[in-house]
2 protein chains.
Amino acid sequence: MKNKILIPSLVFVWVFTTTCMVLAKEPIEPIVPVKKINLAESELGKKLYFDRRLSKSGFLSCNSCHNLSLGGTDNLKTSVGHNWQQGQINAPTVLNSSLNFAQFWDGRAANLKEQAGGPISSQMEMAFTHTLVIDVLKSIPQYVTEFKLVFGTNSINIDQVTQAIAEFEKTLVTPNSRFDQWLLGNGDALTEDEVAGYQLFKQSGCIICHNGEAVGGSSFQKMGVIEPYKTDSPSEGVGAVTGKESDRFKFKVPTLRNVELTYPYFHDGEAENLTEAVDVMGRLQLGKEFTQDDNALIVSFLKTLTGDQPSFLFPILPPSTDKTPQPKPFE
Amino acid sequence: MKNKILIPSLVFVWVFTTTCMVLAKEPIEPIVPVKKINLAESELGKKLYFDRRLSKSGFLSCNSCHNLSLGGTDNLKTSVGHNWQQGQINAPTVLNSSLNFAQFWDGRAANLKEQAGGPISSQMEMAFTHTLVIDVLKSIPQYVTEFKLVFGTNSINIDQVTQAIAEFEKTLVTPNSRFDQWLLGNGDALTEDEVAGYQLFKQSGCIICHNGEAVGGSSFQKMGVIEPYKTDSPSEGVGAVTGKESDRFKFKVPTLRNVELTYPYFHDGEAENLTEAVDVMGRLQLGKEFTQDDNALIVSFLKTLTGDQPSFLFPILPPSTDKTPQPKPFE
C-alpha cells in the first residue's frame, strides 16, 4: 500500500521538477494562449480586418496581405498593392505579431494599433485615407450601431478602427505547437532528429536572436553581420527610420513561429524555402557553413514551431447603403 | 373534451391548407436547404475556393471576386483580374448559383463544375492553366492525401478540382429569408409595405422573369426590350456564344436572392443601387415609370430576399513545399 502511494508521488515529483527545469532552462518559451481580450472589440476588428471597403479599390483588405488561411502572410516575395503595385518588402506574418517588441520590419510602429493605420493610407498598399475610411463606415448603419455598442460613442474615428483591428490581431496567437508541447514536458512530442535540430539551433547561435515566446521579434539586427547581404531590395531597414548610418540594413528579427507556413523568407522574400534561409543565415549572420545534414536537422526543428492556427467563423459583413461612397478600383 | 381535439385539428387543417395555398399560388418558391451533399468533396472544395495558389500570381482565389463575406460577389462594377486588369462584366453572385439554369451571364457553362474551370485559366482573371494548377496541388502532400480520400484515386486532375469546388458551391444557398418565412406561412415576417411591394413586383411584370426558387436564373432575356440599353460595356451576352443576331444583348436573368448585398447591378454593374436598378428595369424591360413611392415599395420587398448567409470556419490551407512551383505575381 505504501508503494502504491509512494510511486505515483515520486512520478509526480519527477514530472514536476523535470517540467520546471525544462521551462526554466530553455531560451524559448511556450506561447501563452490569449487570456484577456475585449471580445466585442475583437469581433468588430475581425469584420474590419476582412472588409475590403477599407481600401480605395474596394478590393484589398488586411487579409489580402496577411492571409489567415495560410500563415498570416501572402506567401509572395513582396506584396501586391493598389493597382497591382509591387511592394518593396515581404509582408510579415500577423500571427503572434502581438508578441513583437515593435511592428513592421523596421519597427516604425510601436504596436499593432499604430501599425494597422499604415497600410490603409499607404498609396502603395490600400491607397485610401483615414478620413475616407470613416466616411464609408459611417454610411453603414450596422457598423454605426456596432461601434456605438463597442466604444460607447456616437461617432466613429480611425483610433477606434485601428484599436478594434489590433484587438482582433491579439487573438491570432498560435499556441500548442509540437515544440511547445515538448517544452511543457511531453517528451514524445518531438522526434530525436527534431530535438537534435533544436540543440544545433542553440549551439550554432541562432538562439541569440531567435528566442523567447515568439522565437524572435524582440530585437533589431543587421542583415549580413559576417558577410554582406546582396539584394536588389531598396529597403534600408531601421536606418531609414532613424537616419543613422549604424542602423542601415538593421531589421526586426522575425518570429520563427509557424515558419513552415510563412515562406518566402527575409525582408526581401528572396529565400524560397527553409533550407535556403538556414543556409544564408548560417553563413551571413554566424559565419557557419551548415552541412546538408545539419541544415536538415535545423529545418526539422523549425517545422515543429507550427502551432494551432486561428479558427473562427468567416465574418459576414454589413452591406453598403445608397450613401456609401463608391470604391474606385480603376482610378 | 371533443372541442379540445377538434379545435387544434381545425387549426392544423387551416394552417396546412393556407400554407399549401400560399405555396401553390406564389410564383416565387422558398429556397430549399441543402439536403444532399458530398461533405468530403465540399470540404476539399472550400479549401480550393479560398486557395490563391490556383492563380498565376498566388494572389487571387475564387473568393477574390465571389466574396462570401459580402453577397458572394466583389461589389465592384467589373472585377479586378491578374495584373489589375479590368474585367468586362460584373461578377455574378455565387450564392444560390446552383439554382441557375446555366452559369455566367451568357450561360456558356452548363453547370457549376464547368464554370469553375473558366476563371482559373482566363488570362483576364486568374491567368493560370489547368496543368499548372495540378502541378501545384500535386506538390502539396496534404492535398494529395485529401484528393485520394475524397476521390479514391492516386492522381489529381482538373475534373476533380472543379467537381470539389462545385460541390462546395452547392452548399452556398441562403434559405430562411424573411420573404421565405412569409411564403411558408408566417404572416408577420413581412411588413405591409413589403407585401405591397411584392404585389407591385408581380402586377408590374417583374415576376415574369424573376420567379422560382432563385427569383431569376432560369432564362435569358434581352437587356433593353422596350427601350435600348445604353452602355459602354462590350459584352454581347448570349449572342457572343451562339453567333446569332437574335441573341445579342441577351443575358441570363440574375437571381434576386440577397440582392441587397450584391450591388452594383446589371451585367455592366452600372446601376449603383436598387432604386436605380428598379427604375431602369421598369422603363427598359416593362415600359413602366415607377413613381418614387412605388419604386420604394418594390425595393423594400427586394430587401426581404436576404437569406441566411453561409456560415463556416475560415479554412486553413496546407502549406506549399520546396517542390511547389513559385507564384508569379509580377510576370
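Calculation criteria
All chains use their own residue numbering, which begins from 1 and follows the written sequence. Both sets of labels track the order of writing: A upward for chains, 1 upward for ligands. Residues qualify for local features only when their pLDDT is at least 70, as the model is predicted, and side-chain atom pairs are given and counted only at 80 or more; totals for whole chains, interfaces and linings, by contrast, use all residues. Just so you know, side-chain values use all the structure's heavy atoms and leave hydrogens and water out. Any two residues having at least one pair of non-hydrogen atoms within 4.5 Å are treated as being in contact. Once two parts are joined, some of their accessible surface, as seen by a 1.4 Å probe, is lost; buried area is that loss totalled over both. Only one rule defines a salt bridge in this text: a Lys or Arg side-chain nitrogen within 4 Å of an Asp or Glu carboxyl oxygen. Polar contacts, as counted here, are pairs of nitrogen or oxygen atoms within 3.5 Å of one another; within protein the pair requires one atom able to donate a hydrogen and one able to accept it, and residues that are adjacent in sequence qualify only if both atoms are side-chain atoms. Any residue that is not Ala, Val, Leu, Ile, Met, Phe, Trp, Tyr, Cys, Pro, Asp, Glu, Lys or Arg is counted as polar, Gly included; the first ten are nonpolar and the last four charged. Axis definition: a line fitted to C-alpha atoms, limited for helices to the stretch in contact. Angles are taken between N-to-C directions and run from 0 to 180 degrees. The numbering of helices and of strands both runs from the N terminus, where a helix is a DSSP run of H or I of at least 4 residues and a strand a run of E of at least 2. Convention used here: angles under 35 degrees read as roughly parallel, angles over 145 as roughly antiparallel, angles from 65 to 115 as roughly perpendicular, and any remaining angle as oblique. What makes a crossing left-handed is the near helix being turned counterclockwise from the far one by less than a right angle; a clockwise turn instead makes it right-handed. Only protein chains enter the accessibility calculation, which uses a 1.4 Å probe; a residue whose area is less than 20% of its type maximum is buried, one above 50% is exposed, and one in between is partly exposed. Only residues with pLDDT of at least 70 in both copies contribute their C-alpha atoms to the least-squares superposition of the copies. In this analysis, the expected span of each helix is defined as 1.5 Å times one less than the number of residues it contains.

Q: Talk me through the interface of chain A and chain B; I want residue IDs and the actual numbers.
A: Counting from both sides, the interface comprises 48 residues of chain A and, opposite them, 48 residues of chain B. For the pair chain A and chain B, the summed buried surface comes to about 4,000 Å²; carbon and sulfur atoms form 64% of the total. Among the residues of chain A in contact with chain B, Trp84, Phe314 and Phe330 of chain A are the three that bury the most area, contributing 22% of the side total. The interface formed by chain A and chain B contains zero salt bridges. The interface formed by chain A and chain B includes 16 residue pairs in polar contact (both at pLDDT 80 or more). Classifying every residue of the side of chain A that touches chain B gives 22 nonpolar, 20 polar and six charged.

Q: Kindly report on the packing of helix 2 (residues 39–50) of chain B against helix 6 (residues 141–151) of chain B, identifying the contributing residues and their values.
A: Pairs of packed helices are described in terms of their axes, by the angle between the two and the distance that separates them. Residue and element names in this part refer to chain B. Two numbers describe how helix 2 lies on helix 6: the axes approach to 9 Å, and their chain directions differ by 150°. The angle between helix 2 and helix 6 falls in the class roughly antiparallel. As helix 2 runs across helix 6, the sense of the crossing is left-handed. Of the residues in helix 6, those in contact with Ala40, Glu41, Glu43, Leu44, Lys47 and Leu48 of helix 2 are Tyr143, Glu146, Phe147, Val150 and Phe151. Its residues assigned to classes, the contact of helix 2 with helix 6 shows seven nonpolar, no polar and four charged.

Q: Before we move on, can you summarise the pattern of salt bridges with the specific residues and values?
A: One pass over the structure, following the stated rule, counts 28 salt bridges over all chains. Ionic pairing is found between Arg53 of chain B and Asp51 of chain B, a salt bridge with its closest N-O pair at 2.8 Å. The burial state of Arg53 of chain B is the same as that of Asp51 of chain B; both residues are buried. A single salt-bridge network, built from bridges that share partners, covers Glu236, Glu245 and Arg248 of chain A.

Q: Quick one: what's the story with the side chain of Asn75 of chain B, residue by residue and with numbers?
A: Mapped onto the elements, Asn75 of chain B comes out in the loop between helix 3 (62–65) and helix 4 (112–121). Asn75 of chain B gets classed as buried once you look at its relative accessible area, which sits at 10%. Of note is the side chain of Asn75 of chain B, whose polar atom sits 3.0 Å from the backbone oxygen of Tyr263 of chain B. Sequence-distant contacts of Asn75 of chain B, that is, excluding residues within four places in its chain, are made with Pro327 of chain A together with Leu70, Leu261, Thr262, Tyr263 and Pro264 of chain B.

Q: Can you explain the environment of Cys206 of chain A? Please cite residues and give values.
A: All names here are of chain A. Its location among the elements puts Cys206 in the loop between helix 9 (192–203) and strand 1 (220–222). For Cys206, a relative accessible area of 15% translates into the label buried. Between the C-alpha atoms of Cys206 and Gly282, which are 76 residues apart in sequence, the distance is 8.0 Å. Those residues in contact with Cys206, other than ones at most four positions away along the chain, are Phe201, Leu286 and Phe290.

Q: Tell me about the environment of Leu313 of chain A, residues and numbers included.
A: Following the sequence through the fold, Leu313 of chain A ends up in the segment after helix 12 (292–302). Judged by its relative accessible area of 47%, Leu313 of chain A is partly exposed. Along the primary structure Leu313 of chain A and Gly212 of chain A are separated by 101 residues, whereas in three dimensions their C-alpha atoms are 31 Å apart. Each residue touching Leu313 of chain A, except ones within four places of it in the same chain, is listed here: Lys46 of chain A together with Ser311, Phe312 and Leu313 of chain B.

Q: Lay out the relation of the copies chain A and chain B with the relevant residues and their values.
A: The transformation that overlays chain A on chain B combines an axial shift of 0.0 Å with a rotation of 180°, and the residual RMSD is 0.0 Å. Viewed as a symmetry operation, the transformation between the two copies matches a two-fold axis. Among all C-alpha atoms of chain A, that of Leu313 of chain A lies closest to the rotation axis, at 2.2 Å. Comparing interface residues between copies, 100% of those in chain A also sit at the interface in chain B, which points to an isologous, same-surface contact.

Q: Lay out helix 2 of chain B in plain terms, naming residues and giving numbers.
A: Residues and elements named next belong to chain B. The terminal C-alpha atoms of helix 2 lie 17 Å apart, and with twelve residues this matches the ideal 16 Å at 1.5 Å per residue to within 8%. Most of helix 2 is tucked away: nine of the twelve residues are buried. Within helix 2, burial applies to Glu41, Ser42, Leu44, Gly45, Lys46, Lys47, Leu48, Tyr49 and Phe50. Considering only its buried residues, helix 2 is in contact with helix 3, helix 5 (130–138), helix 6 and helix 7 (158–170). At the N-terminal boundary of helix 2, the capping side chain belongs to Asn38, with an oxygen 3.2 Å from the backbone nitrogen of Ala40.

Q: How would you sum up unusual backbone geometry? Please name residues and give values.
A: Negative phi characterises most residues that are not glycine, and trans characterises most peptide bonds. Residue and element names in this part refer to chain A. A cis amide bond, omega -10°, links Tyr263 with the succeeding residue Pro264. Assignment of secondary structure puts Pro264 in the loop between strand 2 (250–252) and helix 11 (274–286). Its identity as a non-glycine residue notwithstanding, Phe249 has a phi of 65°, on the positive side. Tracing the backbone shows Phe249 in the loop between helix 10 (238–242) and strand 2.

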